[in-house]
Amino acid sequence: MSAIQRIATRETELGAGLSIRRALPTRHRRMVGAWCFLDHIGPIDFAPDAGLHVGAHPHIGLQTFTWPVAGEILHRDSLGNEQLIRPGQVNLMTAGHGIAHTEDSPQPGQHLHAAQLWIALPPEQRDCPPDFAHYPDLPTWTTDGARFTLLAGHYQNNHAPTRIHTPLLGLDIAATTDATLDLPLQTEFEYGLLPLLGHITAAGETLGSDEFLYLEPGRDRLQLKLPAGSKVLLLGGEPFTAPLQMWWNFVAGDRASIAEAQRQWENDDPRFGPVGDGSAPRLMPPPLPSTWG
Ligand code: MN
């Protein structure tokens, strides 16, 4: 049987005072397939005058993938898109050569709970033109007391419409009653599980949202026990083997490409156009590591 790794999620801050838990990357695990970033935001009840406000920031070489569990997020980007996203929907922004965006609560005082993910683009797509897509309808089905929503890739006879560029799986599983599931897996995929609500038992390991479970390739089934009301995000993919550098909001094959993008963002280069009317604060990266030369 293939190895299992239990990894503590890492508490960090997203902007001013909003505490989130980061499951990817950590010191112990960078990626699951091309999934290279996973933040668990909330659940949080914002104060009557507060909300999520992530100022304008750039991306290259990746796709951002937003999956709200509860509450709403307003996306704006430098292509001119403005899209409110609600639970059950996916926002997929392909940064490619470069894009900038903001994310905001549409109103103060809301409840918010979401998973925010990034997908590393393969080398041949890294420099593609930027794009944004909103997916209001995803395949859903109910089996053995659990409601499944397919976010990315294919699973059994279901195919997600989300446009991705490497073999991946994104599957949300929510238990409507106590559920015991025996799920088929692809042996060439590695997998990761993050509980979004409650505690779950996967492959004999019980965990809550402070832990991420990694399963290496070679497994063809997964036993899951989900108490009523629990919810888990199952990610999968073929191990990503191309060279990859991640720094701040940038993904590239080498450090020089990241250093160039950072310099351009700092100098307000047209590679990353303004977001909306340009009134949102522009977030700035930390200085590049001195070891990069
Ligand atoms: Mn972003």
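What you see is a predicted model, and the numbers here were worked out from it, not measured in a lab. (Residues numbered from 1 in each chain as written. Predicted model: local features only at pLDDT ≥ 70, side-chain atom pairs only at ≥ 80, totals over all residues. Heavy atoms only, no water.)

> Is there a simple way to explain the sheet that holds strand β24 (residues 231-237) in this structure?
Pairing in this open sheet of 7 strands is antiparallel, and the strands run β1-β22-β19-β24-β17-β14-β13 from one edge to the other. Sheet topology places β1 (4-8) and β13 (140-143) at the edges, where each strand pairs with a single neighbour. Each adjacent strand pair in this sheet contributes to an overall mean axis angle of 20°, direction not counted. Relative to strand β22 (residues 211-215), strand β19 (residues 190-197) is paired through 3 bridges, and the arrangement is antiparallel. Each bridged residue has a counterpart across the sheet, and for G192 the counterpart in β22 is Y214. (Pairing = 2+ DSSP bridges. Helix = DSSP H or I, 4+ residues; strand = E, 2+ residues; numbered from the N terminus. Axes fitted to C-alpha atoms, helices over the stretch in contact; angles between N-to-C directions.)

> What am I meant to see in the coordination of the manganese ion here?
Angles between donor atoms at a metal ideally measure 109.5 degrees for a four-coordinate tetrahedral arrangement and either 90 or 180 degrees for a six-coordinate octahedral one. Of the protein atoms, only H57 (NE2), H59 (NE2) and H101 (NE2) coordinate the manganese ion, at distances of 2.1 to 2.2 Å. Within one chain, the residues donating to the manganese ion are spaced in sequence as H-x1-H-x41-H. Here H59, found in strand β5 (residues 53-59), pairs with H101, found in strand β10 (residues 99-104); they are 42 residues apart in sequence, far enough to count as distant. We note that H59, like H101, is buried. (Donors = N, O, S within 2.8 Å, 3.2 Å for Na, K, Ca; no water. Buried < 20%, exposed > 50% of the residue type's maximum accessible area, 1.4 Å probe, protein only.)

> Would you explain the packing of aromatic side chains in this entry?
Given two aromatic rings, one states the distance between the centres and the angle between the planes to describe the pair. Summed over all chains, the structure comprises 9 aromatic pairs. Summarising the aromatic geometry, the rings of W141 and Y155 are spaced 6.4 Å apart at their centres and angled 15° between planes, so their arrangement reads as stacked. Of this pair, W141 sits in strand β13 while Y155 is found in strand β15 (residues 154-155), placing the two residues 14 residues apart along the sequence. Within the aromatic cluster, the residues linked to one another by ring pairs are W248, F250, W265 and F272. (Phe/Tyr/Trp six-rings, centres within 6.5 Å; stacked < 30°, edge-to-face > 60°.)

> What is the right way to look at the side chain of H40 in this model?
Among the structural elements, H40 can be located in strand β4 (residues 35-45). A polar atom in the side chain of H40 sits 2.8 Å from the side chain of H113. If we ignore the near neighbours within four places in the chain, the residues touching H40 are I20, R21, H113, A114, L194, P195, L196 and S209. (Polar contact = N/O pair within 3.5 Å; in protein donor to acceptor, adjacent residues only side chain to side chain. Contact = heavy atoms within 4.5 Å.)

> Which parts of the structure should I look at to understand unusual backbone geometry?
Glycine aside, residues mostly have negative phi, and peptide bonds are mostly found in the trans state. In this chain, L24 is followed by P25 through a cis amide linkage whose omega measures -15°. Here P25 is to be found in the loop between β3 (18-24) and β4. Residue G42 is joined to P43 through a cis peptide bond whose omega torsion reads 5°. Relative to the assigned elements, P43 resides in strand β4. Phi is positive for A203, which is not a glycine, with a value near 50°. Assignment of secondary structure puts A203 in the loop between β20 (200-202) and β21 (205-207).

> Can you walk me through the pairing of β4 in this structure?
Both faces of the sheet carry side chains from a regular strand, because those side chains alternate between them. Pairing between β3 and β4: 4 bridges, direction antiparallel. Among the inter-strand pairings, L24 is bridged to a residue of β4, identified as L38. Sheet topology places β4 next to strand β11 (residues 111-120); 8 bridges connect them, and they run antiparallel. Considered in β11, the bridge of H40 is made with A115.

> How do you make sense of the environment of W118 when you look at a structure like this?
Tracing the chain through its elements places W118 in strand β11. Distance from W118 to T66, taken between C-alpha atoms, is 8.6 Å for residues 52 residues apart in sequence. With near-sequence residues (within four places) excluded, W118 lies in contact with A34, W35, C36, F37, H59, L62, Q63, T64, M246, W248 and N249.

> Just to check I follow, could you spell out the side chain of N91 for this structure?
Among the secondary structure elements, N91 is positioned in strand β9 (residues 90-94). Every residue in contact with N91, bar those within four places of it in the chain, is listed here: T64, F65, T66, H75, Q83, I85, F132, A133 and H134.

> I would appreciate a short explanation of the pattern of salt bridges in the present structure.
Charged atoms that come close allow side chains of opposite charge to pair. Within the structure shown, the criterion is met by 11 salt bridges. The salt bridge partner of E190 is R29, with a shortest N-O separation of 3.8 Å. A residue pair is termed long-range when its members are at least 10 positions apart, and E190 in strand β19 and R29 in the loop between β3 and β4 qualify at 161 residues. E190 sits in the buried class, given a relative accessible area of 5%. With its nearest N and O atoms 3.3 Å apart, the salt bridge here joins R221 to D182. Of the two residues, R221 is situated in strand β23 (residues 221-226) and D182 in strand β18 (residues 179-184); the sequence distance between them amounts to 39 residues. Accessibility expressed as a relative area gives 37% for R221, which makes it partly exposed. By relative accessible area, D182 is classed as partly exposed at 41%. (Salt bridge = Lys/Arg side-chain N within 4 Å of Asp/Glu carboxyl O.)

Geometry only, nothing functional implied.
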